[in-house]
Amino acid sequence: MGNKQVKQHFETAKKTGVLKISLLRLDEFPSALKTFPNVLKTLDLSENRFTVLPEDIAKFTLLKHLNASGNKIAALPECIGVLVKLETLNMMNNLLTSVPRSLSNCTHLKQVILSNNQITTFPIVFCDLKQLDLLDLSRNKITEIPPEVKSLQVTELNMNQNQITVVAEEIADCVKLKTLRLEENCLQISAIHPRILIESKVCNLCVDGNLFNSKQFNELQGYDAYMERFTAVRKKIS
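Within an unreviewed UniProt entry, the label attached to the chain reads Leucine-rich repeat-containing protein 57, and the organism entered is Anopheles dirus.

This paragraph deals with the packing of aromatic side chains. Inspection of every chain in the model, using the stated rule, returns 8 aromatic pairs. With 6.3 Å between their ring centres and 65 degrees between their planes, phenylalanine 217 and tyrosine 226 make a pair best called edge-to-face. Joined through ring pairs, the aromatic side chains of Phe212, Phe217, Tyr223, Tyr226 and Phe230 make up one cluster.

Turning next to helix α5 (residues 223-237). The end-to-end C-alpha distance of α5 is 21 Å, a good match for the 21 Å that 15 residues give at a rise of 1.5 Å each. Of the positions making up α5, those classed as buried are Tyr223, Tyr226 and Arg229. For α5, the angular spread of buried residues about the axis comes to 130 degrees, placing them on one side. For α5, exposure combined with an orientation more than 90 degrees from the buried face picks out Asp224, Glu228, Lys235 and Lys236. Where α5 is buried, its residues touch α3 (194-198), β11 (204-206) and α4 (214-218).

Rules used throughout
- Residues numbered from 1 in each chain as written.
- Predicted model: local features only at pLDDT ≥ 70, side-chain atom pairs only at ≥ 80, totals over all residues.
- Heavy atoms only, no water.
- Phe/Tyr/Trp six-rings, centres within 6.5 Å; stacked < 30°, edge-to-face > 60°.
- Helix = DSSP H or I, 4+ residues; strand = E, 2+ residues; numbered from the N terminus.
- Expected span 1.5 Å × (residues − 1).
- Buried < 20%, exposed > 50% of the residue type's maximum accessible area, 1.4 Å probe, protein only.
- Arc of directions from axis to C-beta.
- Contact = heavy atoms within 4.5 Å.

What follows is the structure, given as structure tokens:
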């Protein structure tokens, strides 16, 4: 990317608060970021070749939207927790193995997309975030949904294409959870606890591609209660 093009992106960003430097094959952060004023509300670094997010990102305390998808980032810096105004975080298609505890400070987060990374353990840090509406952890290497999940505030949890064998029954206690995606995991039919079908608010439970068939699912205790919720929502939509 030529210097002229870089300069134009940054000049525009000073006026709009939006800096988009995606699809530019960058492997190092532009030096202009170090001296850039704290005016950014949207930062799009997607589809480059970055391997780290620099500590400099912590100075952009007004940031609401951060997109660093499609890079080669293996870890988020602990300082990301300083971005307390952050509402959306998109880190899909990277090499993350975990997320920092400091993300619990980002109490305004509404959408977190971490699809297609290398995460092996469910990040319970997200259970502390009261505004979080969507959490996408699909296409990772997570093997278990732990009991701590009961305090999640999301309406949609996407766990498709992981290696999940255990789903804690406490997921039924999620007060807002409507859509639970568990497709293409390693679940036996016994892993679907009746409480999820009977007591939860889940009205869209996606379980295709596991170690049981639809007939077994339909015969589960509580299936009728689940179908009542499912049908009621469909009627509202139509």
